[in-house]
Each structure stands twice: as structure tokens, then as C-alpha cells.
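Each chain, letter by letter, is given below.
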Amino acid sequence: MERTRTPRQPAAGRADTPVGGWIRGIRNSGFSLVMMGILVLAVVVLAPSLRTYGEQRQEIDRLKAAVTDQQDTVDHLKSERERWNDRTFITTQARERLSYVLPGDISFLVINDLKLPVTGLEGDTPVSTDIQSTDVDWLTSVFASVMTAGLAPEEASP
């Protein structure tokens, strides 16, 4: 007795699509189940390691950026130190910051070059722009003021 195989007909109502045909073509053999198990196990084992690897790469990139910033700061400070080793730079800084002058130089210091508005009544005398000289010796005046303050009798404590 010989049996002839007849091809299986798809059930009525099923659409025969390429994906449906591929899924029906998969056979559940022992080898495919073992391979699927190994694939799932690999994902479970490697996923935390890959996450850790990504975090470590981000940390390394952040630390490299910090090192680059610090190296730029060090380079800037080294150039600043080299500038302070130059005598001309030191002289320039002393002139600008401390208003130092070299012997023989004449220094002009403008404290406020803006004219102040004159306030008061219109009958007041205007402010003079002429330089006035006095015949008082300022050194004697300062000495007299210091001596008067130092030799004044102390007031009795209440």
C-alpha cells in the first residue's frame, strides 16, 4: 500500500502573505529551541555589560573634557607667569595699576574731569576756574594742627 501525499491546503480565511508563509515555515526543532535559548541568554548576560560600557565611555569623555579644560588653564597660567618675568611688563603694570612714574617723568592724575553742576540761588557767585595761591605754609599748618590735637587737655570722664 502506497500512500500518496497531498499537499496541505491553507485553511479557508487565512491570507497567504509572505510573512505568514515564513512563520509557518519555521519548524520547532530541538536545535532551533537551543539556539533561541542561547540568544536570550546572551541578551540577558550582555545587556548589563553593554550599559556599563556605555556609562564608562561617557565618564571617560567627561573626564577628557575636564583634563582639556584644566590643561588650558595651566597653559594660560604659564603664559601669565612668563609675562611677569618680563621687566617691561612689570614696569607697565606698576605704571597702570599703582600710578608709579620713573624718575624725571611728570605724572598727571585726573580725578574727575567732569564739570559739576552749580546748585543754589542765582545770586551766588559763580565758581572760579582760576588757580589761586595762598601765602600759608601748609607744613607749618599741619604741624600746628597735630600739636594742638596732641597737647589738648583731656576732658574729664563723665
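These remarks concern the structure in this document. Bear in mind that the values here come from a model prediction, so they are computed numbers and not experimental data.

**Some words on the overall build of the chain**
Moving on, step 1. Looking only at helices and strands, one finds 4 helices and 0 strands in the chain.
Moving on, step 2. Secondary structure of the chain in N-to-C order comes out as α-α-α-α.
Moving on, step 3. A burial count over the chain gives 3% of its 158 residues as buried.
Moving on, step 4. Accessible area for the chain stands at about 16300 Å²; split by element, carbon and sulfur atoms hold 60% of it.

**Focus on the side chain of Gln 93**
Moving on, step 1. Relative to the elements of secondary structure, Gln 93 occurs in helix H3 (residues 87-98).
Moving on, step 2. For Gln 93, a relative accessible area of 12% puts it in the buried group.
Moving on, step 3. Of note is the side chain of Gln 93, whose polar atom sits 2.8 Å from the side chain of Arg 97.
Moving on, step 4. Look past the residues within four positions of Gln 93 in its chain and what remains in contact with it is Trp 84 and Leu 98.

**Let's talk about the pattern of salt bridges**
Moving on, step 1. Taken as a whole and judged by the stated rule, the model has 5 salt bridges.
Moving on, step 2. One salt bridge in this structure joins Glu 82 and Arg 81, with 3.9 Å as the shortest N-O distance.
Moving on, step 3. A relative accessible area of 48% places Glu 82 in the partly exposed class.
Moving on, step 4. Using a relative accessible area of 49% as the deciding quantity, one classes Arg 81 as partly exposed.
Moving on, step 5. Arg 95 serves as the salt-bridge partner of Asp 105, at 2.6 Å between the closest nitrogen and oxygen. Placement of the pair is Asp 105 in the loop between H3 and helix H4 (138-151) and Arg 95 in helix H3, with a sequence separation of 10 residues.
Moving on, step 6. Residue class for Arg 95 comes out partly exposed when judged on its relative accessible area of 36%.

Calculation notes
Residues numbered from 1 in each chain as written. Predicted model: local features only at pLDDT ≥ 70, side-chain atom pairs only at ≥ 80, totals over all residues. Heavy atoms only, no water. Helix = DSSP H or I, 4+ residues; strand = E, 2+ residues; numbered from the N terminus. Buried < 20%, exposed > 50% of the residue type's maximum accessible area, 1.4 Å probe, protein only. Areas by Shrake-Rupley, 256 points an atom, 1.4 Å probe, with all protein chains shown as cover. Polar contact = N/O pair within 3.5 Å; in protein donor to acceptor, adjacent residues only side chain to side chain. Contact = heavy atoms within 4.5 Å. Salt bridge = Lys/Arg side-chain N within 4 Å of Asp/Glu carboxyl O.

Everything listed here is a matter of geometry and, on its own, says nothing about what the molecule does.
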